[in-house]
Amino acid sequence: MGSFSIWHWLIVLLVVVLIFGTKKLKNIGSDLGGAVKGFKDGVKGAAEDTAAATPTAPAQQVTTARTADANTVDVEAKSKS
C-alpha cells in the first residue's frame, strides 16, 4: 500500500501533461537545466576565487651551475622548414 506501481505513475504523468501541456513542461525543463548550470558555475567560480585568494609560494630556482660532461652536447633545436 505504501508504494505506487508503474500504472499509478503513468496516470499521474498523463494528468500533468493534460494540465500543463507539453510546451509549458519543455520550458520548465529548460529553465531548470539553466538554473542547475548557473549553480554549478557559481560554485566553481567561488572555488576559483578561494584558490586565487590563498597565496602560493614561488617555485624555487636552481642556481647552481653544473659543468658539462664529456657526453653532454649543448645545441639549439632548429625547426624543419
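One can find the structure itself at the top, above this paragraph.
These notes cover the structure that comes with them. (Residues numbered from 1 in each chain as written. Predicted model: local features only at pLDDT ≥ 70, side-chain atom pairs only at ≥ 80, totals over all residues. Heavy atoms only, no water.)

The next subject is the overall build of the protein. Summing up its helical and strand segments, the protein has 2 helices and 0 strands in all. By the burial criterion, 0% of the 81 residues in the protein qualify as buried. When the accessible surface of the protein is split by element, carbon and sulfur atoms take 63% of a total near 8400 Å². (Helix = DSSP H or I, 4+ residues; strand = E, 2+ residues; numbered from the N terminus. Buried < 20%, exposed > 50% of the residue type's maximum accessible area, 1.4 Å probe, protein only. Areas by Shrake-Rupley, 256 points an atom, 1.4 Å probe, with all protein chains shown as cover.)

Our focus in this paragraph is the packing of aromatic side chains. Here the distance between the centres and the angle between the planes together describe a pair of aromatic rings. Taken as a whole and judged by the stated rule, the model has 1 aromatic pair. Arranged with centres 5.6 Å apart and planes meeting at 75°, the rings of Phe4 and Trp9 form a pair that is edge-to-face. (Phe/Tyr/Trp six-rings, centres within 6.5 Å; stacked < 30°, edge-to-face > 60°.)

Attention now goes to helix H1 (residues 6–20). Residues lying three or four places apart along an α-helix face the same way, a consequence of the helix completing one turn every 3.6 residues. End to end, H1 covers 21 Å across 15 residues, agreeing with the expected 21 Å (1.5 Å per residue, within 8%). Directly beyond the C-terminal end of H1, a positive phi value near 85° is found at Gly21. (Expected span 1.5 Å × (residues − 1).)

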